[in-house]
Structure formats: structure tokens, C-alpha cells
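Survey of secondary and tertiary structure
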Amino acid sequence: MSTLITNIAELMTQDAEHRVLRDAAVVIEGERISWLGPAADAPAADERVDAGGRALLPGWVDSHTHLIFAGDRTAEFEARMAGESYSAGGIAVTTGATRSTSDFDLTRLAMGRVAEAVSQGTTYLETKTGYGLDLENEARSARIASTVADEVTYLGAHLVPAGMDAEEYTELVCGPMLTAVRPYVRWADVFCEQGAFNEDQSRRVLLACKAAGLGLRVHGNQLGEGPGVRLAVEVGAASVDHVNYLSAADVDALAGSWSGWDAAGGTPGSGQRGTVATCLPACDLSTRQPLAPGRELLDAGVQLALASNCNPGTSYTSSMAFCVTTAVLQMRLSVHEAVRAATYGGALALGRESGSDVDGERAVGSVAVGHRADLHLLNAPSATHLAYRPGIPLTHAVWRAGVAQPVR
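Everything numeric in this text was worked out from a predicted model, so none of it was measured. (Residues numbered from 1 in each chain as written. Predicted model: local features only at pLDDT ≥ 70, side-chain atom pairs only at ≥ 80, totals over all residues. Heavy atoms only, no water.)

**Some words on the pattern of salt bridges**
The tally for this structure, following the rule as stated, stands at 23 salt bridges. The partner of Arg99 in a salt bridge is Asp134, and the shortest N-O contact between them spans 3.6 Å. With Arg99 in helix H2 (residues 91–99) and Asp134 in the loop between strand S6 (122–128) and helix H4 (135–148), the pair connects residues that are 35 residues apart, well separated along the chain. Judged by its relative accessible area of 23%, Asp134 is partly exposed. Each member of the salt-bridge network shares a partner with another, and the members are Glu167, Glu171, Asp200 and Arg204. (Salt bridge = Lys/Arg side-chain N within 4 Å of Asp/Glu carboxyl O. Helix = DSSP H or I, 4+ residues; strand = E, 2+ residues; numbered from the N terminus. Buried < 20%, exposed > 50% of the residue type's maximum accessible area, 1.4 Å probe, protein only.)

Listed below in C-alpha cells is the structure:
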């Protein structure tokens, strides 16, 4: 079954050449993109969709979420808006609610959050454990996450549970808990921050997970300057997320990690990839932290991602469009840069920027022949409207792996 999407006013491919095509068309065949180019040259297909002069983008790639949870933290949010500062301790509230919720209900809640994200243009999504914080509940969270998300990250090192010794808990995270979650996860993460895990504990967690064959990510430099960024680069993490407080040395370390990669062309597989800096602007606004220095990072040659950080305490939104809008209006990114960070950048952070018919691991985050047909049609003639009309829901249609999705 093939589908021709034609009469596209603007096709922002986010491919290696950063192409933006006008009066374009795309052909979907099965789950893949089989052709793209001028609408006048489009081949025949089994069905035809008239885009009506709208803009077409890659689907959003949300590379940082926490969807496996129960409970509510409205009171914490209200207190923070009234002037209280954010600390990592609020995670414990969600842990209690999550542990007491059934598998069925946790799955139902997570599926609802995924559906909400997809209806707004998100077509590839990572989520984490981290609200179980004991062996049984972390394994349960990983198993449930593997049924609802595209990528699953082990975050047993989210917070030391109340009443547990930090060193003993770190050993549990590195040992029996890691063994229990391993069948369900591809990535591991650690909250390297004051009030969570210190540098030594974080390094031990990351190295244990690396030895177990997991890719690495780091929550770092959210609440102040610290070792998170440097540690992420040291261990070869795919991304370091938050990055609100960066020293010149941190920026240099991130930029240096990309020195062997063809950043100008962005060609998949062209040299040694570095550590992506993932900015979480919705979280920054909710916690009243300074926005991550996305402009400075891009100018230094760092590869950037934007993600929602959807979670119950500090960023209860799955709207990637909101993150893109904020990046343009308040972080000084161009529309093209922000969209790229929310599509190709997220794919790069998840190691899914490359792949084709040959290896069966189709690339996401860009529109190119052989890539997965993840597409987001806006109810606007150009992507600029995402920032030009802030807060307006602009998703008109979504295809995920070639299948049209419900849009609310």
C-alpha cells in the first residue's frame, strides 16, 4: 500500500543537506518513505492525500520523558509558583503513588500519555523508569515502558529512597536491579546532581550499565554547575540532559566531543559522534531555572536536542511544539534550528539518526528515502507558524511508521 502526500507548501526535511522543499510531495510505502521531491514529478500511488498547501515536518522525536507514574504533584507546583525552590526530593511523592498502582492502571496511564503526545505530532518517544526505586518496581516499570515507548531508559539512579543508605542503594542499582531491568531497556541514566547522586556514585552506575551493554545518558547541570556534563563526555554518553548551568569548560567539553564528526554536513555515520546536549525548556519554565544556553551551545558546535521531559513534578506536558516555540522566542534559536533539535537532534540523542532498508533499523527524525515514515502535517503554510502563533494547536495530521494517527 502506497500513499502520496502532495500539494505540500513547505517540506522541512531535516536531512543531511538541511533541505527545505517548496511545492513538494512525499510517497509512503508501508512504513518507509519511498520518494520525495517536486509535486509535479510525483509518481502514482494507491491513495492520494492533498496537503492543501500546508507544511510537512518530520514527526517530533521526544528523547526525554518520564511516563511511567501515578499520582499528582499539583501542590508542589503551586508552592513552587509561590516562591519555593525546586529540589530533587519531590520524586519521592511520585514513587509512593507509583508503587501502589496496579500494572493495568500504570499501563493505561502511560498509554494515554503516549496517545496525547502522538496526537500533537510526536512519532518517536523515549521514556524512563525511576519512580519505582526498588528492585521489583523498577523491573515492573521497565517492563511496562517496553510495551508503550519506542526506547526505554533505566533510571534506578533517580533518587536515593528515604531510609536507604546512598552507598547501599548505589550498589543495588549497579547489581541486582540492573540485572532485573536489563531485558527491557536499551539505555541507562543517572541524576548526577546535588540531592541525588554524586560524581563517584554516578560514575559507578554509568560504568556498570555500560559493561552490561547499555547506552548511556545523564541528567546533569540542572540545579547548578557540577560534574554531570564532564562525566557524560568522559563515559561517552549519548546525551546529557538539562544543561542549565554550564561553565566555559563544560561547553568546551561538549563541543570537543563532536570534533571528529562531520557537524557541517551532519551525514549519518560520518566520524565519531559526541554527546548531545538536550535542552528541556518546559521544565526550565516550570522550575524557574535559567533556560539552557541553547544558542551558545549551537554556536560552539554542540549538537542540540529539545525534549519535553514530560513528568508529574516539573514538566507535565508532552507538547514538543511548546518546546520549539520556547526555544525560538526565549532561547534565540531560529525556527529551523529549533525544529531540527526537536526532530533530528532527538534522533541523534537516541542513536536513531541513521538506518535504512539495508539494516532494517530505519532512521527517524528526518524525511529521506528509506527512513521511517514519521510525518507531521501542520495546519499552517510554514513551520514558522509554530513560533509566530504561540499556543495555537497546529497539528493537522500525523503518520507514525506510515500509519495515520488520530489527532485531537
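On we go.
**Digging into the sheet that holds strand S13 (residues 375–378)**
Ordered in space as S3-S2-S1-S4-S13-S14-S15, the seven strands form an open sheet in which the pairing is mixed. Every interior strand has two partners, whereas the edge strands, strand S3 (32–38) and strand S15 (403–404), have only one. Bridge count for strand S2 (residues 20–29) against S3 is six bridges, and the pairing is antiparallel. Opposite Ile28, over in S3, you have Ile33 as the bridge partner. (Pairing = 2+ DSSP bridges.)

**Points about the pairing of strand S9 (residues 215–220)**
When a strand is regular, its side chains alternate between the sheet's two faces. S9 sits mainly inside the fold: five of its six residues count as buried. When strand S8 (residues 187–192) meets S9, the two strands line up parallel, connected through four bridges. Within S9, the position partnered with Trp187 by the bridge is Gly215. Regarding the hand of the β-α-β motif, the stretch spanning S8, helix H7 (residues 199–211) and S9 is right-handed. Strand direction decides the pairing type here: S9 and strand S10 (residues 239–242), joined by four bridges, are parallel. The residue of S10 that forms the bridge with His219 is Asp241. (Right-handed = clockwise from strand over helix to strand, strands pointing away.)

**Observations regarding the packing of helix H3 (residues 103–118) against H4**
Packing of H3 against H4 leaves a shortest axis separation of 10 Å and a crossing angle of 40 degrees. Put simply, H3 runs oblique to H4. H4 is crossed by H3, and the crossing has right-handed handedness. Residues Asp103, Leu106, Thr107, Ala110, Met111 and Val114 of H3 lie in contact with H4, whose contacting residues are Arg140, Arg143, Ile144, Thr147 and Val148. By residue class, the composition of the contact of H3 with H4 is six nonpolar, two polar and three charged. (Axes fitted to C-alpha atoms, helices over the stretch in contact; angles between N-to-C directions. Parallel < 35°, antiparallel > 145°, perpendicular 65-115°, else oblique. Left-handed = near helix turned anticlockwise from the far one by under 90°. Contact = heavy atoms within 4.5 Å. Nonpolar A, V, L, I, M, F, W, Y, C, P; charged D, E, K, R; others polar.)

**What about the pairing of strand S14 (residues 395–400)?**
Burial analysis of S14 places five of its six residues in the buried class, the great majority of the element. Two elements, S13 and S14, share four bridges in a ladder whose sense is antiparallel. Bridge pairing in S14 places Leu377 opposite Ala397. Where S14 and S15 come together, two bridges link them in antiparallel fashion. Bridge pairing in S15 links Arg400 to Val403. Between S14 and the antiparallel strand that follows it, S15, lie two residues; Ala401 among them carries a positive phi value of about 50 degrees.

**Comments concerning helix H9 (residues 248–256)**
Every buried residue of H9 is accounted for by Asp250, Val251, Leu254 and Ala255. For H9, the angular spread of buried residues about the axis comes to 130 degrees, placing them on one side. Seen from the open side of H9, the exposed residues pointing more than 90 degrees away from its buried face are Ala248 and Asp252. Next to the buried residues of H9 lie helix H8 (228–235), S10, strand S11 (276–279) and helix H11 (294–300). (Arc of directions from axis to C-beta.)

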